[in-house]
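Here's the letter readout for the chains.
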Amino acid sequence: MKTLVLAAAGLTLLGSAVGAQQRLRATGWGDGAIVQLGTQILGARESQSGPVFGGEGRLGLGPVTLGVGYLEGRLQPGTSGTPQGRDLVEARIFVSARPLSWLTLSAGPRVRAFVTDAATERWVWWEGRARAQNALASTPLQTYIELWRALSARVNLPEPVDHVQGGEAGVVLRPPGAALWFRLGYRVDGARLGGGLRSETVEAVSLAVGIGGP
Amino acid sequence: MTRRLVQLLLASLLVLTVRGKVAAQQAATDLLAQGMRAYQSLDYDQAAAILRRGLTRTVGDTLSTAERLQALTYLGASELFRDRRDAALAAFRQIAATDPRYRPSEIIFPPQVTGVFGEARQQTKTVFFQVQQETEFRAKTEHFTARLVASSPHDVAVTITTGDGKLVRRLYDGPIADSLAVTWDGLTEERNPVQSGRYTLRVAPRAAGAGQLARQLSLEILRAKPDTQPWPAGAGLAEGTPLPLPSSSSSGPAVRSLAEGLAAAVAVVVLPSIVSHDAAGFKGRFAIAAAIGGAGIVSFFAQRSAPAVDAIAGANAAARAAARRRLEQVQQQNAQSAAEVRLIVRAGPATSVELGGGP
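Since this is a predicted model, take the numbers as computed values, not measurements.

(A) Just the pattern of salt bridges, in detail. Residues and elements named next belong to chain A. Applying the stated criterion to the full structure yields 31 salt bridges over all chains. Residue Arg187 is joined to Asp31 by a salt bridge in which the shortest nitrogen-to-oxygen separation is 3.8 Å. Pair noted here: Arg187 is in strand β9 (residues 180-193) and Asp31 is in strand β1 (residues 24-41), with a separation of 156 residues, a long-range link. Neither Arg187 nor Asp31 differs from the other in exposure class; each is buried.

Put into structure tokens, the structure is as follows:
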């Protein structure tokens, strides 16, 4: 039901933008990140890390933007924890709007999977995001801070999901006259399950190169 | 036999009908020529009858103004020689009322005729308008001119009235001999520019009596839109819109940039503890925090030390002053144009109104 409501809202916004006959904006970027996954179960901690690569594309029309993102990588165990590595695959779809020049609000579903030879841990959640981004005076730089929280979440683990939330901050460089832009950022999200019996944290330091609006 | 008689009757009827139609359709100019020939043959009764027929023709082929004046002259002369002096005076008055400058030829007509004609002209007190079809002028500083030609010297009152007869402006009150140029500056009696609308230029004899004629000329007056100049390019500069070059390096943007950079850097550092209490905290994030904080500091100093502020301010002040001068010049010219009311006067047909016979 929630899916239908959000989809209808997104289509309505996009439809109104199309009705206004505004120019279509396209944005895309490629992203490379070093990801660190930390899992804590009943006080026992394990961590894995590895490079992850992905990209995101957005189509904007009027005040509304529709975007899709995908990333994938292989995480290897650290000095402690599970002996085997796992693949991280993540995808998301979202609709965003920009009520203020520096504020962007977005919502949409995200799926994340940790794939091992033995099993796959699947996450599906709906998230709402708020992003503040502004230019630094007299420089070609912009800084941003983004916070999000899952509105609902499901995972194929025995523990129920308490909450999933995250954030991101970074700096964007858009050289004057250049079509490309560069973004250096740090993002983190944490999931708490079973009243604190289990938690998972994904952190990443990423470098993105994009074209269009950052 | 009976059949032959009927055919004869029909043929006779046809001939009579055709002849009647031909007579009715006889050109007014032919009647004028016939009347003149009858006059020259001293057949004054016939001349008067034919000329009256030509003058009274109102449909189809009618006489031109010049032919009408000629016909009236011959009619007046014929009536005079028929000892009908009043009828002769009436014919000559019509001439004076039609064209005050017209005079009968002294070669064709004897002094007896021209003398009576002069008498009739003296008795007829009316004027004629000589006005341009359209006149455009600035109210108060320029004027509209109407030349009046009098049939005989007399005193006249010249006024501008509204369409329903209300007085707008008295233009002249006095004698007119042969002709007179009357001017109007487009103002009312209260010295305000007249509004758009239909007006009447009226010339009436001051000694109004029965049989006297007042002449009226219909005037359509329009107020033309003021001819203003366009707003000069760059006028916004003079009104305080943003300048083309920054004129100051206020500390506001610099401090804001520094705050934004430091806030983003702090966010990177504290995000793991906000999002997840169990986060190990990726050490690499401190490098990101340093980069973001450094960007904020760079922005702060870049904004604070924006160069050549005085030169930019000076250039802006000069541009602003020049723009203001241009704007004031145009504003002054436009205000002057707006204060000037331009009037367009279109003259309509002239009519005569008989005075002394009631309202």
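Now that the structure is up, let's keep going.
(B) Structural detail: the interface of chain B and chain A. Opposite the 29 residues of chain B that make contact, chain A presents 33 residues. Here chain B and chain A share an interface that buries about 2300 Å² over both sides, 69% of which is from carbon and sulfur atoms. Where chain B touches chain A, the interface holds 0 salt bridges. Scanning the region where chain B abuts chain A turns up 5 residue pairs in polar contact (both at pLDDT 80 or more). Considering each element in turn, the side of chain B that touches chain A owes the most residues, 12 residues, to helix α8 (residues 251-275) of chain B. Tallied by class, residues from the side of chain B that touches chain A come to 18 nonpolar, 8 polar and 3 charged.

(C) Helix α5 (residues 85-98) of chain B, seen in detail. Residue and element names in this part refer to chain B. Taking 1.5 Å as the rise per residue, α5 with 14 residues should run 20 Å; its terminal C-alpha atoms sit 20 Å apart, in good agreement. If you check which residues of α5 are buried, you get Ala87, Ala88, Leu89, Ala91, Phe92, Ile95 and Ala96. Packed against the buried residues of α5 are α3 (44-56), α4 (65-81), α6 (111-123) and β1 (127-130).

(D) Just the side chain of B:Arg121, in detail. All names here are of chain B. Its place among the elements puts Arg121 in helix α6. The side chain of Arg121 is buried and forms no salt bridge, while Asp178, the nearest opposite charge, is found at 6.3 Å. A polar side-chain atom of Arg121 sits 2.9 Å from the main-chain carbonyl oxygen of Ser151. When residues no more than four places from it in sequence are discounted, the contact partners of Arg121 are Ala96, Pro100, Arg103, Ser151 and Ser152.

(E) Main features of helix α2 (residues 28-40) of chain B. Residues and elements named next belong to chain B. Over its 13 residues, α2 runs 18 Å from end to end, which matches the ideal 18 Å to within 8%, given 1.5 Å per residue. For α2, every residue scored as buried is listed here: Ala28, Leu31, Leu32, Gly35, Met36, Ala38 and Tyr39. Within α2, the buried residues cover an arc of 160° as seen down the axis, which keeps them to one side. Pointing more than 90 degrees away from the buried face of α2 are the exposed residues Arg37 and Gln40. On its buried side, α2 packs onto α3 and α4. Phi for Leu42, located one or two positions after α2, is positive at around 65°.

(F) Here's a closer look at the environment of B:Ala280. Mapped onto the fold, B:Ala280 is located in the loop between α8 and α9 (285-304). Setting aside anything within four residues of it in sequence, one finds B:Ala280 in contact with A:Gln36, A:Arg45 and A:Glu203.

(G) Main features of the sheet that holds strand β4 (residues 86-100) of chain A. Residues and elements named next belong to chain A. Reading around the barrel, the 10 strands line up as β1-β2-β3-β4-β5-β6-β7-β8-β9-β10 and close back on themselves, with antiparallel pairing between neighbours. If you compare each strand with its neighbour and ignore which way they point, the axes differ by 20° on average. The pairing of strand β5 (residues 103-115) with strand β6 (residues 120-135) spans 13 bridges and is antiparallel. Pairing of Arg112 across the sheet is with Trp123, part of β6.

(H) Region of interest: the pairing of strand β7 (residues 141-155) of chain A. Residue and element names in this part refer to chain A. Relative to β7, β6 is paired through 13 bridges, and the arrangement is antiparallel. Residue pairing across strands places Val124 opposite Arg154, the latter belonging to β7. Between the antiparallel neighbours β6 and β7 lie 5 residues, among them Ser138 with a positive phi of about 65°. With 9 bridges connecting them, β7 and strand β8 (residues 161-173) associate as antiparallel partners. When the sheet's bridge partners are listed, Trp148 is paired in β8 with Gly166.

(I) Representation of the packing of aromatic side chains in the model. Residues and elements named next belong to chain B. This structure, assessed with the given rule, holds 12 aromatic pairs over all chains. Relative to Phe109, the ring of Tyr39 lies with its centre 6.0 Å away and its plane at 55°, an arrangement referred to as tilted. Within this pair, whereas Tyr39 is found in helix α2, its partner Phe109 is found in the loop between α5 and α6, the two being separated by 70 residues in sequence. Considered together, Tyr39 and Phe109 belong to a single accessibility category, that of buried residues. Look at Tyr74 and Phe109: their rings are 5.0 Å apart centre to centre, the planes differ by 65°, and that puts the pair in the edge-to-face class.

(J) Highlighting the packing of α5(B) against α6(B). Residue and element names in this part refer to chain B. Where α5 meets α6, the closest approach of the two axes is 8 Å, and the angle between their N-to-C directions is 60°. As summarised for this structure, α5 and α6 are arranged oblique, according to the angle between their axes. In the crossing of α5 with α6, the sense of the turn from one axis to the other is right-handed. Of α6, the residues touching α5 (which contributes Arg85, Leu89, Phe92, Arg93, Ile95 and Ala96) are Val113, Val116, Phe117, Glu119, Ala120, Arg121 and Gln123.

Parameters at a glance
- Residues numbered from 1 in each chain as written.
- Chains lettered and ligands numbered in written order.
- Predicted model: local features only at pLDDT ≥ 70, side-chain atom pairs only at ≥ 80, totals over all residues.
- Heavy atoms only, no water.
- Salt bridge = Lys/Arg side-chain N within 4 Å of Asp/Glu carboxyl O.
- Helix = DSSP H or I, 4+ residues; strand = E, 2+ residues; numbered from the N terminus.
- Buried < 20%, exposed > 50% of the residue type's maximum accessible area, 1.4 Å probe, protein only.
- Contact = heavy atoms within 4.5 Å.
- Buried area = accessible area lost by both parts, 1.4 Å probe.
- Polar contact = N/O pair within 3.5 Å; in protein donor to acceptor, adjacent residues only side chain to side chain.
- Nonpolar A, V, L, I, M, F, W, Y, C, P; charged D, E, K, R; others polar.
- Expected span 1.5 Å × (residues − 1).
- Lys, Arg positive; Asp, Glu negative; His and termini not counted.
- Arc of directions from axis to C-beta.
- Pairing = 2+ DSSP bridges.
- Axes fitted to C-alpha atoms, helices over the stretch in contact; angles between N-to-C directions.
- Phe/Tyr/Trp six-rings, centres within 6.5 Å; stacked < 30°, edge-to-face > 60°.
- Parallel < 35°, antiparallel > 145°, perpendicular 65-115°, else oblique.
- Left-handed = near helix turned anticlockwise from the far one by under 90°.

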